[in-house]
Amino acid sequence: MSQNSKNSEKSDDQEYRDRFQNAKELIGREKYSSAILNIDHMTALELNNGDYTPQRYKAMILQVTGEKEEANIIYQSIINATDASASEKNKARQLMLINNEKKAPLTKEIERLKDSTEFKNAIKVIEVPPMFPGCETLPQETWNKCMSRGVAKHIVRTIDVDIAQVTSNTGFIRSYVNYEIDTTGHISNIKATGKNKFLNLEAHRVMAQLPQVTPGYTNGEKVIVSYTIPIRFTVD
């Protein structure tokens, strides 16, 4: 290989890295169209080497901006890619499931719940909170803390640490996740809010993977329990 070819390859590789860093910073400022342009330039360089993270980020942008069909096309291409890692394929599947969720209109959902047993159970005082396996062997006053520790460990294990780099300045961006633990112990009705839609989607993905727990009880009956948890995306 000639020296010029090596220099050109290094130049392309540097441009690839620079473009991705620019894309992350633009996402942090919610400049989504410009971020996609940078990712498309990266794709044209054909230097992904099995790294489908930029394409996943593009699909996430499309998802949060309402381009759901286009997002699904990218997610499916990642799932089908023979050189994509198992982790990347799983993230694409998880995001695709969120993208395809059917949500009832809020007013209809409120009407449905008003007189339902689920709604009445949800507003009772919770005598036994939802718990990860093993928490029930601890003193009763530690049950809530045990559940909180389990959720925190899950977040640390599941979150895409590289997504923190989408923030453009040193500091952090916070997403708030509202969710319920239903009477089967599964997480449901997840809603992530915050100033950055892209990070809200990652927070939703992370919490949607929460494993089944023991449901909460009141008067010997299983009940729905609501939670709100902040997730911080931190840049060092």
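This write-up is about the structure you can find in this document. Only a predicted model underlies this, so the values are computations on that prediction, with no experimental measurement involved.

Analysis parameters
Residues numbered from 1 in each chain as written. Predicted model: local features only at pLDDT ≥ 70, side-chain atom pairs only at ≥ 80, totals over all residues. Heavy atoms only, no water. Helix = DSSP H or I, 4+ residues; strand = E, 2+ residues; numbered from the N terminus. Buried < 20%, exposed > 50% of the residue type's maximum accessible area, 1.4 Å probe, protein only. Contact = heavy atoms within 4.5 Å. Phe/Tyr/Trp six-rings, centres within 6.5 Å; stacked < 30°, edge-to-face > 60°. Expected span 1.5 Å × (residues − 1). Axes fitted to C-alpha atoms, helices over the stretch in contact; angles between N-to-C directions. Parallel < 35°, antiparallel > 145°, perpendicular 65-115°, else oblique. Left-handed = near helix turned anticlockwise from the far one by under 90°. Nonpolar A, V, L, I, M, F, W, Y, C, P; charged D, E, K, R; others polar. Core = buried A, V, L, I, M, F, W, Y, C linked by side-chain atoms within 4.5 Å. Disulfide = S-S within 2.5 Å. Salt bridge = Lys/Arg side-chain N within 4 Å of Asp/Glu carboxyl O.

Topic: the overall build of the protein chain
The helix and strand inventory of the protein chain stands at nine helices and five strands. Its helices and strands taken in sequence order, the protein chain reads α-α-α-α-α-α-α-α-β-β-α-β-β-β from the N to the C terminus. Taking all 236 residues of the protein chain together, 42% fall into the buried category. A sequence separation of at least 24 residues applies to 67% of the contacts in the protein chain between residues at least 6 apart.

Considerations on the packing of aromatic side chains
Under the defined criterion, the tally for this structure stands at three aromatic pairs. For the ring pair Y57 and F198, a centre distance of 5.4 Å and an interplane angle of 80 degrees mean the geometry is edge-to-face. Within this pair, whereas Y57 is found in helix α3 (residues 53–64), its partner F198 is found in helix α9 (residues 197–208), the two being separated by 141 residues in sequence. One exposure class covers both Y57 and F198, and it is buried. Where Y179 meets Y227, the ring centres are 5.4 Å apart and the plane angle is 20 degrees; that geometry is what we call stacked. Pair noted here: Y179 is in strand β1 (residues 171–181) and Y227 is in strand β5 (residues 225–235), with a separation of 48 residues, a long-range link. The class for Y179 is buried, based on a relative accessible area of 3%.

Things to note about helix α8 (residues 143–158)
Taking 1.5 Å of rise per residue, the 16 residues of α8 would be expected to cover 22 Å, and the 23 Å separating its terminal C-alpha atoms lies within 8% of that figure. Along α8, the positions that sit buried rather than exposed are W143, C146, M147, G150, V151, H154, I155 and T158.

A word on the packing of helix α2 (residues 32–45) against α3
Running from N to C, α2 and α3 point in directions that differ by 150 degrees, and their axes come no closer than 10 Å. One finds that α2 runs roughly antiparallel with respect to α3. For the pair α2 and α3, the sense of crossing is left-handed. Every residue of α3 that contacts α2 at Y32, A35, I36, I39, D40, M42 and T43 is listed here: P54, Q55, Y57, K58, I61, L62 and V64. Taken together, the residues of the contact of α2 with α3 break down into 10 nonpolar, two polar and two charged.

Some thoughts on the nonpolar core
Counting residues in hydrophobic clusters, the biggest one holds 57 residues, and the most contacted among them are Y57, Y75, V151, V177, Y179, F198 and M207. Residues within four places of Y75 in sequence aside, it is in contact with R56, A59, M60, Q63, A92, L95, M96 and L201.

Examining the state of the cysteines
If you walk through the whole model with that rule in mind, you get one disulfide. C135 shares a disulfide with C146; S-S distance 2.0 Å. Between C135 and C146 the disulfide shows an S-S torsion of about -80 degrees. By sign, it is left-handed. Separated by 11 residues along the polypeptide, C135 in the loop between α7 (117–122) and α8 and C146 in helix α8 bring together distant segments of the chain. In this pair, the class of C135 matches that of C146, namely buried.

A look at the pattern of salt bridges
Taken as a whole and assessed by the stated rule, the structure comprises seven salt bridges. The residue R56 makes a salt bridge to E88 at a minimum N-O spacing of 2.2 Å. Linking R56 in helix α3 with E88 in helix α5 (residues 86–99), this pair joins segments that are 32 residues apart in sequence. For the pair shown, R56 and E88 are each scored as buried.

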